[in-house]
Amino acid sequence: MFFFRNKPSADASPFWFVGLHISSRARKLEAALIGVANSRPGAEVTLPKSVSFDLPDELSQLYAGLREEAFYDEATIFRNASRGSESATNGVKRSRGQGRTDEISAFARFLELRAMIALIEEEAVEELLRDTKVAIGDLVLVAVNEPTLAARAPERSTRSTRASIGSAAALAERLGVPVLDSLRLNAGDELPGGDPNLLLAYWTLLSSGERDKLLVDFGERARWCYIPSAANDPTSWKRARFEEVAPCGALLDPLALEVSKGETPIDVGGKLSVQGQRIAELLDFWRAQSALVAPSAVNRRLSATGSALNERFYLETLQRFGQKISSLDALCTAANLIAESTVDSIKARETEFASSYDLIVAGAAKRNGLIMSRVGALMSPKAPHRLEEYGLLEDSFDGVAVALMGAFYASGVCAAVPEYFGGEKPALLGRLNCGGDVWKNLSTFRNRSTKS
């Protein structure tokens, strides 16, 4: 493992890694450049530069459309999701030729999406290097973590397939630097509670100090990570825990857009949420249905990263209640769902936590006053902290974590451990795509294990 300092290292020539993280709805990119002294355990990690920015609406809408209508199959083409039920617009059955046209069209848009992402990621890397005056040839590798498109499992198999929306191979070719992707152990499996692929990196970033920490992230999805302190136990990473609970911003934004009649997708400060009422019948129905979902199910209601239901399910079930529930009440109930489900999930595992810990809250929805007031009441007397109090910028936290995943891979640290993923043996996490002189810096980094 490494030791995160977030200040200049005594080592004048660290090894450089870049991390690129695209949010689950392809709305935001986080990029970070870290320096690692060497590959030995306890090596210092510094963060000279990080950036984050919103991705073009065209890109996020392209991804949303592909995620909605198509699945990627083992023949590397898309098939329209409705073909299995033979349903089509206006009830007209699709012809064989029309289905093939849809496949080609979706695949062309998929290639367009990949080209857009590769270009944006290349520009993000160049910005990091330009501002820090680090040469591209000094990078050991670039690590990327991107959303995926899920495919239905073929009839002869119970395993699903996933395709990343970016192209690590194209990025490696453009940069001339190795690119690490596929930061998941089993890309086709749904893991109960979500995908803990960055959990070991989170532990590295937050395990310093005497107190354990619980990071609650109200971003596009509500999730939490429990990080035990490493002060008295360097193997405390084994007790780290992660759970993805429910859609958060992904659910609130379309509801806010409806309430505001298309003016804004953001409920600033929760001012819209508090105008509605908490509808117990709707809340109970949502939570009951969520509890019924099997973790291994491959279903369009599932999220792209875990077993929690995605926002589409919650939005569609509103139709069940017809005109009985207003848009304001639906938004208010969704805010309560997010807060209550998250706290209930935490309390269900709290026997595994220390008796006292720091509560850290992150994510855009933490500015929703209704969500935070409910969380505050349910988690009382714990007062929430911010990531900035621990020397980390919230806007680039995942970018730094992904860069650390690259350093883990380069040093041979197995980030896929049974404590997080199940299984019997730990494994490396990632797939290396060639670019430039692949092994030069990587071999030097791995061999430099004795320098202080």
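Residues numbered from 1 in each chain as written. Predicted model: local features only at pLDDT ≥ 70, side-chain atom pairs only at ≥ 80, totals over all residues. Heavy atoms only, no water.

## Topic: the packing of helix α4 (residues 199-206) against helix α10 (residues 397-411)
Rules: For every element, the axis is a line fit to its C-alpha atoms; helices are fit only across the contacting stretch, and the angle between N-to-C directions ranges from 0 to 180 degrees. Helical segments are the DSSP runs of H or I of at least four residues, strand segments are the runs of E of at least two, and each set is numbered from the N terminus. By the definition adopted for this analysis, an angle is roughly parallel if under 35 degrees, roughly antiparallel if over 145, roughly perpendicular if from 65 to 115, and oblique otherwise. Here, two residues are considered to be in contact whenever any of their heavy atoms come within 4.5 Å of each other. Polarity classes work like this: nonpolar for Ala, Val, Leu, Ile, Met, Phe, Trp, Tyr, Cys and Pro, charged for Asp, Glu, Lys and Arg, and polar for all others, with Gly in that last group.
It is at 9 Å that the axes of α4 and α10 come closest, and there the two elements cross at 110°. Overall, the two elements α4 and α10 adopt an arrangement that is roughly perpendicular. Where α4 approaches α10, its residues L200, A201, Y202, T204, L205 and L206 are matched on the opposing element by F397, D398, V400, A401, L404, M405 and F408. Of the residues in the contact of α4 with α10, the class split is eleven nonpolar, one polar and one charged.

## Some details on the pairing of strand β12 (residues 221-227)
One face of the sheet, then the other: side chains in a regular strand alternate in exactly this way. Let me state the cut-off plainly: Relative accessibility decides the category of a residue: with a 1.4 Å probe and only protein chains considered, values under 20% of the type maximum give buried, values over 50% give exposed, and everything between is partly exposed. Two strands are counted as paired when DSSP detects at least two bridges linking them.
Most of β12 is tucked away: seven of the seven residues are buried. Burial of β12 is two-sided: the residues R221, R223, C225 and I227 facing one way and the residues A222, W224 and Y226 facing the other way are all buried. Direction of pairing for strand β11 (residues 212-218) relative to β12: antiparallel, over a ladder of six bridges. Bridged to K213 within β12 is I227. In sequence, β11 turns back onto β12 through a hairpin of two residues.

## Some points on the environment of V125
As for its placement among the helices and strands, V125 is situated in helix α2 (residues 96-132). Taking C-alpha positions, V125 is 8.8 Å from I136, a pair spaced eleven residues apart along the chain. With residues near it in sequence (within four places) discarded, V125 still touches V18, L20, I136, L139, V142 and L175.

## Details of the packing of aromatic side chains
Two numbers describe a pair of aromatic rings. These are the distance of the centres and the angle of the planes. For clarity, the threshold we go by: Aromatic rings from Phe, Tyr and Trp, taking only the six-membered ring of Trp, are treated as a pair when their centres fall within 6.5 Å; an angle between ring planes under 30 degrees marks them as stacked, one over 60 as edge-to-face, and anything in between as tilted.
Enumeration over the complete set of coordinates arrives at ten aromatic pairs. Aromatic pair Y226 and Y357: ring centres 6.1 Å apart, planes at 80°, arrangement edge-to-face. On the criterion of sequence distance, the pair formed by Y226 in strand β12 and Y357 in strand β14 (residues 357-362) is long-range, its members being 131 residues apart. The residues Y226 and Y357 share a single accessibility class, namely buried. Seen in terms of ring centroids, F353 and Y357 are 5.9 Å apart; in terms of plane orientation they differ by 90°. Their pairing is edge-to-face. Take F353: its relative accessible area is 9%, and that puts it in the buried class. Every member of this aromatic cluster is reached through a ring pair, and the members are W224, Y226, F353 and Y357.

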